[in-house]
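Residue-level listing of the chains:
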Amino acid sequence: MSQTAPSVTGPVPPPGSRGIDEILAAARARIDRLDPEQAHLANRGGALLVDIRPAAQRAAHGTVPGSLAVERNVLEWRFDPRCAARLPQAVGYDLPVVVICQEGYTSSLAAAALQDLGLHRATDVIGGFAAWRIAGLPVLGPTPPPRPSTFAPPATAGRASH
């Protein structure tokens, strides 16, 4: 019995649509991405390091000290200088912003979205937080989940006292 590679089939994409690989490649073609060491130096030089990972992911993997946590779903509103929901740091279009995610994919799309808003210096970290940690750069955490107590409850627990 011979084995053949499974074929990828699915719906025919509509005209003009692009797959995520094309979208990611286009985003990365227009941003000057930084490796973790370059991002660390940029942050030390005044660039704002923005961690777009969800809270659970930051808790599970750790964070970069001094980074600003702004989850991806609100990023554009927090950094658009024209938006009433912007952060105090979003003071203009020349703001150097370095976006970091877990592995460096979502951050590329996010940096391109910030450039679409006019923040022409927005970029991201190649390899994301995982590469940052591997490079031996400063990290905090992860925050371990709470451990159940190893002590048994007192024998009187749950009994009414008389």
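First, a word on scope: everything that follows refers to the structure included in this document. (Residues numbered from 1 in each chain as written. Predicted model: local features only at pLDDT ≥ 70, side-chain atom pairs only at ≥ 80, totals over all residues. Heavy atoms only, no water.)

## Quick word on the overall build of the protein chain
Inference 1: Within the protein chain one finds six helices and four strands.
Inference 2: Seen in sequence order, the protein chain has helices and strands lined up from the N terminus as α-α-β-α-β-α-β-α-β-α.
Inference 3: Counting only residues that meet the buried cut, the protein chain has 34% of its 162 residues in that class.
Inference 4: When the accessible surface of the protein chain is summed, it comes to about 10,400 Å², and 59% of that surface belongs to carbon and sulfur atoms. (Helix = DSSP H or I, 4+ residues; strand = E, 2+ residues; numbered from the N terminus. Buried < 20%, exposed > 50% of the residue type's maximum accessible area, 1.4 Å probe, protein only. Areas by Shrake-Rupley, 256 points an atom, 1.4 Å probe, with all protein chains shown as cover.)

## So, the pattern of salt bridges
Inference 1: According to the stated counting rule, one finds seven salt bridges in the structure shown.
Inference 2: R30 is paired through a salt bridge with D116; the nearest N and O atoms lie 2.4 Å apart. In this pair, R30 sits in the loop between α1 (20-29) and α2 (36-44) while D116 sits in helix α5 (residues 106-117), placing the two residues 86 residues apart along the sequence.
Inference 3: By relative accessible area, which is 40% here, R30 ends up partly exposed. (Salt bridge = Lys/Arg side-chain N within 4 Å of Asp/Glu carboxyl O.)

## Quick word on the nonpolar core
Inference 1: In this structure, V50, L75, F79, V97 and L114 are the most contacted members of the largest nonpolar core, which totals 19 residues.
Inference 2: Listed by contribution, the elements that provide at least two residues to this core are β1 (48-51), α4 (75-79), β3 (97-100) and α5.
Inference 3: Broken down by element, the residue count for this core peaks at four residues, all from α5.
Inference 4: If you look at the next biggest cluster of nonpolar residues, it comprises 11 residues, including A47, V98, W132 and L137. (Core = buried A, V, L, I, M, F, W, Y, C linked by side-chain atoms within 4.5 Å.)

## Re the packing of aromatic side chains
Inference 1: Considering all chains together, one arrives at zero aromatic pairs under this definition.
Inference 2: When the ring centre of F129 is taken as origin, the NZ or CZ atom of R53, which lies over that ring, is 4.3 Å away. (Phe/Tyr/Trp six-rings, centres within 6.5 Å; stacked < 30°, edge-to-face > 60°. Lys NZ or Arg CZ within 6 Å of the ring centre and 35° of its normal.)

## Quick notes on the environment of L114
Inference 1: You can see L114 is positioned in helix α5.
Inference 2: Considering only alpha carbons, one finds L114 and E76, 38 residues apart in sequence, at a separation of 6.5 Å.

## Remarks on the pairing of β1
Inference 1: Side chains L48 and V50 of β1 all project onto a buried face; the interleaved residues L49 and D51 project onto the opposite face, where all are buried too.
Inference 2: Judged from the four bridges that link them, β1 and β3 form a sheet pairing that is parallel. The residue of β3 that forms the bridge with D51 is I100.
Inference 3: Note that β1 and strand β2 (residues 68-69) share two bridges and pair parallel. (Pairing = 2+ DSSP bridges.)

## Looking at the sheet that holds β1
Inference 1: With respect to topology, four strands assemble into an open sheet ordered β2-β1-β3-β4, the strand pairing being parallel. Of all strands in the sheet, those with a lone pairing partner are β2 and β4 (123-124), marking the two edges.
Inference 2: Lying on the sheet, α5 is in contact with β3 and β4; it crosses β3 at an angle near 150 degrees. (Contact = heavy atoms within 4.5 Å. Axes fitted to C-alpha atoms, helices over the stretch in contact; angles between N-to-C directions.)

## What to know about unusual backbone geometry
Inference 1: Looking along the chain, the bond that leaves G141 and enters P142 is cis, with omega of 15 degrees.
Inference 2: Within the element layout of this structure, P142 appears in the segment after α6 (128-134).

## Re the packing of α1 against α5
The geometry of a pair of packed helices is captured by two quantities: the angle between their axes and the separation between those axes.
Inference 1: Taken N-terminus to C-terminus, the directions of α1 and α5 make an angle of 55 degrees; their axes are 9 Å apart at the nearest point. Accordingly, the angle class assigned to the pair α1 and α5 is oblique. Of the two elements, α1 crosses α5, and the hand of that crossing is left-handed. Contact with α1, carried on its side by I20, I23, L24, A27 and R28, involves S108, L109 and A112 of α5 and no other residues of that element.
Inference 2: Of the residues in the contact of α1 with α5, the class split is six nonpolar, one polar and one charged. (Parallel < 35°, antiparallel > 145°, perpendicular 65-115°, else oblique. Left-handed = near helix turned anticlockwise from the far one by under 90°. Nonpolar A, V, L, I, M, F, W, Y, C, P; charged D, E, K, R; others polar.)

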